[in-house]
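Chain residues, written in single-letter form:
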Amino acid sequence: MRYLSKNTRANAIPIIPLGNNALRSWVKRQSKPLGNWIRRTRFKADPGAISLVAGSDGELARVLFGTGPSGAPAGEDIWEWASLAARLPEGLYRVEGSLDPAIAGRVALGWALGTYAFSRYRDDATPFARLVWPANVDRAHVERTARAIFLARDLINTPASDMGPRELAQAARSLARKSGARCRVIKGEELIRENYPAIHAVGRASAQAPRLIDIRWGGRRGRPKLALVGKGVCFDSGGLDLKPAAGMALMKKDMSGAAHALALAGMVMEAKLPVSLRVLVPAVENSLSGNAFRPGDVVATRKGTTVEIGNTDAEGRVILADALCEAASERPDLIIEFATLTGSARVALGTELPALFCNDDATAEAFLAHAAAEGDPLWRMPLWDPYRDKVKGKVADLTNAPEGGYGGAITAALFLREFVDPRIPWAHIDFMAWNLTSKPGRPEGAEAMGLRAAYALIRDRFGK
Ligand code: BES
Ligand code: MN
Ligand code: ZN
């Protein structure tokens, strides 16, 4: 972590977290000039407010950092800390006072996330302030988390011209290599021979062949089995049901589910969690050409059921059908699957709150509890059985695009459910994975959503 320092604390500038109510009594213990400075500059210790305090030599001596109403422990919210790395003058800082380990972790993670920039195509010379690692922090966990978030953001931010199915498979291979995992990629016509017809049908029109990425790690008898699945549509033009320009603009991010599955797998492997891990990523481009799949086509699936294509732009559920069917075939103890699946989920919950669908109440409740504790929110939506009829096809078993489109996130989730054995707990996250505007630590562009919550769930359920 470039902006977190293992330096000794001696020469670091102290940052003093102060709540609104703690301010007054703190000021009383300070010098008169400092008290005046705080009053004259109207520093009230509101959340995120900072006051730079000079020493008698004119050097920056201290930073007062507002953490808002007391009661809440200082710096509960990682994003408050994310702003500091960019706002403070360059230099080395430390947080004064002893922090609870959980808070220390948020301070460090917030700081690290505040320094992210997507710098693949230009040098981003923005300098950031550096922080001495707070004491009591689980450094390995913070580093793992920040690395995973950066990896997910980088993969998503990379445009389709440099992040097609081929490059996505390469990224998976290099991730697997780092942890000694096995990575197999089934490509093009092999998908037909190995019975992944739905992935092939969606991806065959692209200049880059469709693929199924299959990573295995930690497979030892007696270990719980965890499967991670992610939608890997490297670009979603909509296919023959072409998207209008505005709808297509961000569609390089339609492989965000894949990026999340890979980043989360990276965390699980680095932490050496005692699980038998499998990652399945169908990687395609939803493109147009003479051999593109068409509206009205009937596509076979790995499960043996048939899908009528009502709309070629509802491609995600079609490729995920084959991937989920394969994931379920080994009877894992948990499947977590991420997908930028529907616009409807965004209509329902907006862009910052991912939808969680889950066929198992205990898993859903645990997931939501971790989401709240981590400050990585999710909202549960129903797998509403009465709508099951809507995903039935007219000439095939299922349709990928129910008429009317109402409840589109629910009907998409119900479609996916057809491919998962109901005895296997399965969590499906339908999300945006993108910040439409910049906030501290969360610049406009790719965003990891639900990743920290998912890791916390996995560690809690399967960790030693
Ligand atoms: N990738 C899109 C969904 C999407 C759009 C997610 C914008 C996040 C932001 C997906 O493949 C899609 O096009 N879905 C259609 C389905 C419809 C045609 C049934 C949708 O939601 O409009
Ligand atoms: Mn689409
Ligand atoms: Zn899509």
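Scoring rules and cut-offs
Residues numbered from 1 in each chain as written. Chains lettered and ligands numbered in written order. Predicted model: local features only at pLDDT ≥ 70, side-chain atom pairs only at ≥ 80, totals over all residues. Heavy atoms only, no water. Near = heavy atom within 4 Å. Polar contact = N/O pair within 3.5 Å; in protein donor to acceptor, adjacent residues only side chain to side chain. Areas by Shrake-Rupley, 256 points an atom, 1.4 Å probe, with all protein chains shown as cover. 1 Å grid on protein atoms, 1.4 Å probe; cavity = no way out; pocket = protein on both sides within 12 Å on 5 of 7 lines; lining within 4 Å. Sits in = over half its atoms within 2 Å of the grid points. Nonpolar A, V, L, I, M, F, W, Y, C, P; charged D, E, K, R; others polar. Domains from an automatic or database assignment. Contact = heavy atoms within 4.5 Å. Buried area = accessible area lost by both parts, 1.4 Å probe. Salt bridge = Lys/Arg side-chain N within 4 Å of Asp/Glu carboxyl O. Helix = DSSP H or I, 4+ residues; strand = E, 2+ residues; numbered from the N terminus. Donors = N, O, S within 2.8 Å, 3.2 Å for Na, K, Ca; no water. Tetrahedral: all angles 85-135°; square planar, octahedral: opposite > 155°, others 65-115°. Buried < 20%, exposed > 50% of the residue type's maximum accessible area, 1.4 Å probe, protein only. Patch = residues over 30% accessible without salt bridge, like charges linked within 9 Å, V, L, I, M, F, W, Y side chains within 5 Å. Arc of directions from axis to C-beta. Expected span 1.5 Å × (residues − 1). Core = buried A, V, L, I, M, F, W, Y, C linked by side-chain atoms within 4.5 Å.

Enquirer: Would you mind going over the site of ligand 1 with me for this structure?
Expert: Within the structure, ligand 1 sits among 16 residues, and Asp 236, Lys 243, Asp 254, Asp 313 and Gly 343 are positioned closest to it. Glu 315 places a polar side-chain atom, nitrogen or oxygen, 2.9 Å from an oxygen atom of ligand 1. Take Gly 343: an N or O atom from its main chain is 2.7 Å from an oxygen atom of ligand 1. For ligand 1, whose accessible area on its own is 530 Å², the fraction buried by protein is 78%. Comparing atom positions with the cavity grids shows ligand 1 to sit within the largest pocket. Split by residue class, the shell around ligand 1 holds four nonpolar, four polar and eight charged.

Enquirer: Would you take a moment to explain the domain arrangement of the protein chain for this structure?
Expert: Accessible area lost on assembly of the parts is the figure often given for the size of an interface. Per the domain assignment, the segments making up the protein chain are domain 1 (4-115) and domain 2 (142-462). Each partner contributes to the interface: domain 1 provides 12 residues, whereas domain 2 provides 12 residues. Across the domain 1 to domain 2 interface the summed buried area is about 940 Å²; carbon plus sulfur atoms make up 69%. Looking only at domain 1, the three residues that lose the most surface to domain 2 are Trp 79, Leu 109 and Leu 113, adding up to 60% of its buried area. Put simply, domain 1 and domain 2 have zero salt bridges between them. For the pair domain 1 and domain 2, the number of links is one residue pair in polar contact (both at pLDDT 80 or more). No other element matches the six residues that helix H4 (residues 101-113) contributes to the side of domain 1 that touches domain 2. Residues of the side of domain 1 that touches domain 2, tallied by class, amount to seven nonpolar, four polar and one charged.

Enquirer: Explain the side chain of Asn 400 to me, please; I cannot follow it from the model alone.
Expert: Looking at the secondary structure, you find Asn 400 in the loop between strand S17 (398-399) and helix H14 (408-417). For Asn 400, the side chain forms a polar contact with the main-chain oxygen of Asn 311, separated by 2.8 Å. In contact with Asn 400, other than residues within four places in its own chain, are Val 307, Glu 308, Ile 309, Gly 310, Asn 311, Ala 314, Arg 317, Val 318 and Phe 415.

Enquirer: Explain the coordination of the zinc ion (ligand 3) to me, please; I cannot follow it from the model alone.
Expert: Six octahedral donors around a metal ideally subtend angles of 90 or 180 degrees, whereas four tetrahedral donors ideally subtend 109.5 degrees. Taken together, Lys 231 (NZ), Asp 236 (OD), Asp 254 (OD) and Glu 315 (OE) make up the full set of protein donors to the zinc ion (ligand 3), lying 2.0 to 2.4 Å away. Between the six donor atoms coordinating the zinc ion (ligand 3), the angles at the centre fall across 77 to 174°, so the site counts as octahedral. Linear spacing of the donor residues for the zinc ion (ligand 3) on their chain is K-x4-D-x17-D-x60-E. A separation of 3.1 Å is found between the zinc ion (ligand 3) and the manganese ion (ligand 2), both of which receive a donor from Asp 236. Within this pair, whereas Asp 254 is found in the loop between helix H9 (245-248) and helix H10 (256-270), its partner Glu 315 is found in the loop between strand S13 (306-308) and helix H11 (316-329), the two being separated by 61 residues in sequence. For Asp 254, a relative accessible area of 2% corresponds to the buried category. Judged by its relative accessible area of 1%, Glu 315 is buried.

Enquirer: Which parts of the structure should I look at to understand a nonpolar patch on the surface?
Expert: A surface patch of nonpolar side chains, amounting to about 250 Å² of accessible area, comprises Leu 240, Leu 242 and Leu 288. Positionally, Leu 240 belongs in the loop between strand S10 (232-236) and H9.

Enquirer: Sorry if this is basic, but what is going on with helix H1 (residues 20-28) here?
Expert: Residues spaced three or four apart along an α-helix point in a common direction, a consequence of the helix completing one turn every 3.6 residues. Listed in full, the buried residues belonging to H1 are Leu 23, Trp 26 and Val 27. Across the axial projection of H1, the buried residues extend over an arc of 95°, all falling on one side. Opposite the buried face of H1, at more than 90 degrees from it, the exposed residues are Asn 21, Arg 24 and Lys 28. Those residues of H1 that are buried are in contact with strand S2 (13-18), helix H2 (32-40) and strand S4 (60-66).

Enquirer: Mind showing me how you'd approach the coordination of the manganese ion (ligand 2) here?
Expert: Summarising the metal site, the manganese ion (ligand 2) is bound by the protein donors Asp 236 (OD), Asp 313 (O), Asp 313 (OD) and Glu 315 (OE), whose distances to it range over 2.1 to 2.2 Å. Expressed as a motif, the donor residue spacing for the manganese ion (ligand 2) is D-x76-D-x1-E.

Enquirer: I'm lost on helix H13 (residues 361-374) in this one. Help?
Expert: Helix length check: H13 (14 residues) gives 20 Å between terminal C-alpha atoms against 20 Å at 1.5 Å per residue, within 8%. Those residues of H13 that fall on the buried side of the exposure criterion are Thr 363, Ala 364, Phe 367, His 370 and Ala 371. Along H13, the residues classed as buried sweep out an arc of 130° about the axis, all on the same side. Every exposed residue of H13 that faces more than 90 degrees away from the buried side is listed here: Ala 362, Glu 365 and Ala 372. Contacts from the buried residues of H13 go to strand S14 (334-339), strand S15 (355-358), strand S16 (379-380), strand S18 (426-430) and helix H15 (451-462). Where H13 ends, the next residue or the one after it, Gly 375, has phi of about 65°, a positive value.

Enquirer: Explanation requested: the nonpolar core in the structure shown.
Expert: Proteins that are soluble and globular tend to have nonpolar side chains buried together. In terms of nonpolar packing, the biggest core is built from 95 residues, with Ile 15, Trp 111, Leu 168, Leu 228, Leu 277, Ile 336 and Phe 367 touching the most fellow members. For this core, the leading source of residues is H10, giving 10 residues. Formed jointly, this core draws a minimum of three residues from each of two domains, domain 1 (4-115) and domain 2 (142-462). Discounting chain neighbours no more than four positions away, the residues touching Leu 228 are Ala 261, Leu 264, Ala 265, Leu 277, Arg 278, Val 279, Leu 280, Ile 336 and Ile 458. Counting residues in hydrophobic clusters, the runner-up holds 47 residues, among them Ile 186, Ala 198, Ala 321 and Ala 409.

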